[in-house]
2 protein chains.
Amino acid sequence: MSTTKVSTLIVGGGIGGLATALSIARAGRSVHLLERAGEFAEIGAGLQFGPNASRALDALGVLDDILPLAVQPARAVMMDAQAGTPLTTLELGEKFRRRYGYPYLVLHRSDLLDVLLAHCRAHDLITLENRRTVVDAQVRPDGATVVCADGSRYETPALIAADGLHSTLRRHVIEDAARCSGYAAYRGTMPIEEVSHAIAPDDVVLWVGPGVHLIQYPVRRGELYNQVAVFRSEKFHLGQTGQGEWGGPDELDAAFAGSCRPVRDAVARIRRDRFWAMYDRSPAGTWITGRLVLTGDAAHPMLQYLGQGACQALEDAVEIGYRLERNDTDIDGAYREFEAARLPRTARCQTSARPWGELWHTADPLLLAVRNRLFAVRAADDYGDVDWLYAPAEPGTAAPGLTATAATV
Amino acid sequence: MSTTKVSTLIVGGGIGGLATALSIARAGRSVHLLERAGEFAEIGAGLQFGPNASRALDALGVLDDILPLAVQPARAVMMDAQAGTPLTTLELGEKFRRRYGYPYLVLHRSDLLDVLLAHCRAHDLITLENRRTVVDAQVRPDGATVVCADGSRYETPALIAADGLHSTLRRHVIEDAARCSGYAAYRGTMPIEEVSHAIAPDDVVLWVGPGVHLIQYPVRRGELYNQVAVFRSEKFHLGQTGQGEWGGPDELDAAFAGSCRPVRDAVARIRRDRFWAMYDRSPAGTWITGRLVLTGDAAHPMLQYLGQGACQALEDAVEIGYRLERNDTDIDGAYREFEAARLPRTARCQTSARPWGELWHTADPLLLAVRNRLFAVRAADDYGDVDWLYAPAEPGTAAPGLTATAATV
């Protein structure tokens, strides 16, 4: 058995892993990345990038390549899925861009992956390997050994887990279970020419109702229209939690049956061949054991209600590159600083996303009344609820290790 | 047995009954009123009168006598009873008075009763009788016979019940039970000179927290300070619902133990010799049977969260006088018009008061977060939530039979 010695080893070649490789290489450190799949690819469709993610893309040197592929929506509109009426609007135009220094973007996941991949491949300090499924790891105070299914072994003083929600490496740090929310998502894009049912095809449109929501926005220069329909599975909540037992297209249609026409029309056009179960975990106390550190969804998987899963993975990528460069040979110090900068903020995303989802999906009349009144009175350029997510910690800082201070929800 | 024939008979000599007598007499109709107690008197302490009640006082010709006794607070402030921080403010000053045409008043119940009583006694068409406890009534399509405990009998073509929450006459119209909310109130006034604990003794201050609220405001030309402490009885909600089993001073102190210092100081100064259980009823389908009509709390008892119990009784009084005058000899028509004008509005008060209370008392973190954010963003002169209560139906109309249109909560 050969053992490859590498100075930094990343496990996982999704958006977070590639971004992390790029960040570390740009910090002057050689990095090796292992991806299980035969090629680098993203499943799923659209991404919403708050300006914190755009800022991270800029720090990674890829923003200029992304902008031509992405769409900059003028506003995000929240609609009542039952009544078909507007609830509230968030202006994403010039005032928003000036406030945060970066635009709000919507884009296709594979467009982002392709750009990251091209930058990684062009970088001398990055080695990418496919078909490397990590099956075992020994983590020590001074390094780690990783064993793949094909028998290949890697030895590194700095192991970074970017292997997602169902991370293989996480168990070395924390023994916990991912929590299934009992919500299922169906997703897909369609050519914009075929879109006749959208009320505002250039904007981000979010429809919310009891137990359901639907998100719509354009991606890929506006050529594709992305739609995500999410619903609470009654079967799951009745105990039918096994794979295949819940979240089927029958439940999708039943959940949206009470929605207004534009929502039902949209749901009718969504592909039904694959459903995603929505998971998260509670915030961890630490992401570090020995020379292993968790990042992205491996560290802090969150529900999608803040649209921050991929954004936070990009922030992680920027931060870990910055910390490894700052601490040079002190990997333990870099990991500790990374965790200190990132854990509170991502924990807040994890814990805030849950009640946001409840607020979208509630059927409680009192909460609905107060929510709708709140939405009705807030101004479209009132950014009080999103400053904590989108504003940089200090102007000009490369690392978006923001501190959570403002009230959320 | 003597039978007294009277053209209009009111049962109940509280604020609502006396106001009704005055209104009917001012409409040119002679009226007879029966009160159970040996003298006309109010128990309890303060009243908050929205401008709809001030408008009714004006229509009854008593506003000029009330104004010197009442206080016109500049604002109502809602505070977080635990954190001790402001949640929201409603400006009650010049802008408010201009909007509604009448001031917001706080006053002592007995001051109002005394003024109403003096006006009733000065009116030739009004006869007031004490020590008349109604024990039986026969209601017919063309009149009613009322029998008192002392054997006295009254015969009338127009019977009006103003006998309050636990109305004796209501059962002739509806067989329903008053609903105990399981909340208890302790109330009392103290000389303003002894008030050292109040944060804004000239204003209406409402403290809200999980399962508790405290209201404070000045009354009687500012000479007295009124306080009402209300709490959810754990004993009641555990099933100890018998009289004397729940709502004691032990529960009062326990309920407010988690409140901030100014609230605990206030609760410590409230008299503990009597507690009030808070009741309401669900809206009735009708208030009329034959020649009996229900008014005030006999018709539409409501929880106190909108501060509208006495206000709505005054609106009833104005309306019934107006309808009897308009219909002259057609009492059935007058009753029907009265009910049509008043039932929807008071039903809305009854049903809106319940969620308002829930909103004050909630411990649900999500509802608290949304509520507090809503309160934080609304302007102190945003009257959107109170217009439906305070605005007249049409400018210059004598009868405030307002139509409910705006969204509440």
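Since the model is a prediction, treat every value here as computed from it, not as a measurement. Position labels on residues start from 1 in each chain and follow its written sequence. Written order determines the labels here, with chains lettered from A and ligands numbered from 1. Reporting of local features is limited, given that this is a predicted model, to residues whose pLDDT is at least 70; pairs of side-chain atoms are given and counted only at 80 or more, and all residues count toward the totals for whole chains, interfaces and linings. To get the side-chain values, take all heavy atoms of the structure and skip hydrogens and water.

**Remarks on helix 2 (residues 51–59) of chain A**
All names here are of chain A. Definition in use: Working definition: with a 1.4 Å probe on protein chains only, accessible area under 20% of the residue-type maximum means buried, over 50% means exposed, and in between means partly exposed. Helical segments are the DSSP runs of H or I of at least four residues, strand segments are the runs of E of at least two, and each set is numbered from the N terminus.
With 7 of 9 residues buried, helix 2 is to be regarded as a mostly interior element. Along helix 2, the residues that are buried comprise P51, N52, A53, S54, R55, A56 and L57. Looking one or two residues past helix 2, G61 carries a phi angle of roughly 80 degrees, positive in sign.

**Topic: the sheet that holds strand 2 (residues 9–11) of chain A**
All names here are of chain A. The criterion, for reference: A pair of strands is treated as paired once DSSP finds two or more bridges between them. Contact between two residues is taken to exist if any of their heavy atoms lie within 4.5 Å; hydrogens are not considered. Interaxial angles span 0 to 180 degrees and are taken between N-to-C directions of axes, which are lines fitted to C-alpha atoms, for helices over the stretch in contact.
Pairing is mixed in the open sheet, where 6 strands are placed in the order 8-3-2-12-19-18. Whereas interior strands pair on both sides, the edge strands pair on one side only; in this sheet they are strand 8 (126–129) and strand 18 (288–289). Where strand 3 (residues 31–34) lies against strand 8, 4 bridges are found, and the strand directions are parallel. Paired with L34 across the two strands is E129, which belongs to strand 8. Contacts between helix 11 (residues 331–361) and the sheet are confined to strand 12 (159–161), strand 18 and strand 19 (292–294), with strand 19 contributing the most and set at about 20 degrees to the helix.

**Topic: the packing of aromatic side chains**
In this description, a pair of aromatic rings is defined by centroid distance and the angle of the planes. The condition is simple: Centre distance within 6.5 Å is the pairing criterion for rings of Phe, Tyr and Trp, where only the six-membered ring of Trp is used; planes under 30 degrees apart are then read as stacked, over 60 as edge-to-face, and the remainder as tilted. Counted as over-ring charges are cases with an Arg CZ or a Lys NZ within 6 Å of the ring centre that also lie within 35 degrees of the ring normal.
Tallied over the entire structure, the rule returns 26 aromatic pairs over all chains. Seen from their ring centres, F96 of chain A and Y383 of chain A are 5.5 Å apart, and the 70 degrees between their planes marks the pair as edge-to-face. Remark: Y383 of chain A occurs in the loop between helix 12 (365–377) and helix 13 (387–390) and F96 of chain A occurs in helix 4 (residues 94–100); sequence separation between them is 287 residues. What makes F96 of chain A buried here is its relative accessible area of 0%. Residues Y100 of chain A and Y383 of chain A carry aromatic rings whose centres are separated by 5.9 Å and whose planes lie at 70 degrees to one another, so their mutual orientation is edge-to-face. Here the residue Y100 of chain A occupies a position in helix 4, and Y383 of chain A occupies one in the loop between helix 12 and helix 13, the gap between them amounting to 283 residues. An aromatic cluster of at least three residues, connected via ring pairs, comprises F96, Y100, Y104, Y383 and Y390 of chain A. Across the ring face of W276 of chain A, the terminal group of R187 of chain A is positioned such that the distance to the ring centre comes to 4.8 Å. A cation over a ring is seen here: R348 of chain B above W388 of chain B, with NZ or CZ 3.8 Å from the ring centre.

**Some words on the interface of chain B and chain A**
Basically, it comes down to this: Summed over both partners, the accessible area (1.4 Å probe) lost when two parts come together is defined as the buried area. One side-chain nitrogen of Lys or Arg within 4 Å of one carboxyl oxygen of Asp or Glu is enough to make a salt bridge. Residue type decides the class: Asp, Glu, Lys and Arg count as charged, Ala, Val, Leu, Ile, Met, Phe, Trp, Tyr, Cys and Pro as nonpolar, and the leftover types, Gly among them, as polar.
Contacts between chain B and chain A engage 15 residues on the former and 15 residues on the latter. At the boundary of chain B with chain A, total buried surface from both sides reaches about 1400 Å², with 76% on carbon and sulfur atoms. Summed over the three residues of chain B that lose the most area to chain A, namely L366, V370 and R373 of chain B, the buried surface amounts to 43% of that side. On the surface where chain B and chain A come into contact, there are 4 salt bridges. A salt bridge links D385 of chain A to R373 of chain B, with the nearest nitrogen and oxygen atoms 2.9 Å apart. Counting only elements with at least two residues in the side of chain B that touches chain A, the list comes to helix 11 (331–361) and helix 12 (365–377) of chain B. Per-element tally for the side of chain B that touches chain A: the top contributor is helix 12 of chain B, with 8 residues. Tallied by class, residues from the side of chain B that touches chain A come to 9 nonpolar, 1 polar and 5 charged.

**A look at the UniProt feature "domain: FAD-binding" (unreviewed entry) in chain A**
Operational definition: UniProt positions are given in the numbering used here, feature names are shortened, and annotations may be inferred rather than shown by experiment.
On the UniProt side, "domain: FAD-binding" (unreviewed entry) is annotated at positions that read residues 6–324 of chain A here. Structurally, residues 6–324 of chain A is divided into 26% helix and 30% strand, and its ends, taken at the C-alpha atoms, are 15 Å apart.

**Some points on the sheet that holds strand 9 (residues 134–140) of chain B**
Residues and elements named next belong to chain B. On the basis of which strands lie adjacent, the open sheet formed by 4 strands has the order 1-11-10-9 and mixed pairing. The strands lining the two open edges of the sheet, one partner per strand, are strand 1 (3–5) and strand 9. Averaged over all adjacent pairs, the angle separating strand axes in this sheet is 20 degrees, with direction ignored. Two elements, strand 9 and strand 10 (residues 143–148), share 6 bridges in a ladder whose sense is antiparallel.

**Notes on the relation of the copies chain B and chain A**
Rule in force here: Least squares is the method for superposing the copies, and the C-alpha atoms it fits come from residues with pLDDT of at least 70 in both.
Note on the identical chains: chain B maps onto chain A by a rotation of 179 degrees and an axial translation of 0.0 Å, with an RMSD of 0.0 Å. Taken together, the rotation angle and the small translation identify this as a two-fold axis. Using C-alpha coordinates, one finds that chain B approaches the rotation axis most closely at L374 of chain B, a distance of 2.4 Å. Same-surface contact between copies: 100% of interface residues of chain B are shared with the interface of chain A.

**Here's the deal with the confidence of the model for chain A**
Note the cut-off: A score from 0 to 100, pLDDT tells how confident the predictor is in each residue.
Averaged over all residues, the pLDDT of chain A is 93; the fraction at 70 or higher stands at 96%. Note on residues 395–409 of chain A: pLDDT under 50 across the span, and 36 contacts to partners over four residues away in sequence or across chains.

**Focus on unusual backbone geometry**
Residue and element names in this part refer to chain A. Despite not being glycine, R131 shows a phi value in the positive range, around 55 degrees. For R131, the position within the fold is in the loop between strand 8 and strand 9 (134–140). Although it is not a glycine, D328 adopts a positive phi angle of roughly 50 degrees. Topologically, D328 is positioned in the loop between helix 10 (309–327) and helix 11.

**Quick look at the environment of C180 of chain B**
Residue and element names in this part refer to chain B. Tracing the sequence through the fold places C180 in strand 13 (residues 179–191). On the basis of relative accessibility, which here comes to 18%, the residue C180 falls in the buried class. Setting aside anything within four residues of it in sequence, one finds C180 in contact with F236, W246, A277, M278 and Y279.

**Describing a negative patch on the surface**
The criterion, for reference: Like charges are joined within 9 Å and nonpolar side chains (Val, Leu, Ile, Met, Phe, Trp, Tyr) within 5 Å, but only among residues with over 30% relative accessible area and no salt bridge; these make up the patches. Under the convention used here, a 1.4 Å probe and the Shrake-Rupley method define accessible areas, while residue burial counts only the protein chains that appear. Charge assignment: positive for Lys and Arg, negative for Asp and Glu; neither His nor the chain ends contribute. We put the charge of a Lys on NZ, of an Arg on CZ, of an Asp on CG and of a Glu on CD.
A contiguous patch of negative charge on the surface is contributed by E358 and D364 of chain A together with E358 and D364 of chain B. Examined against the element boundaries, E358 of chain B turns out to sit in helix 11. Overall, E358 of chain B belongs to the partly exposed group, its relative accessible area being 44%.

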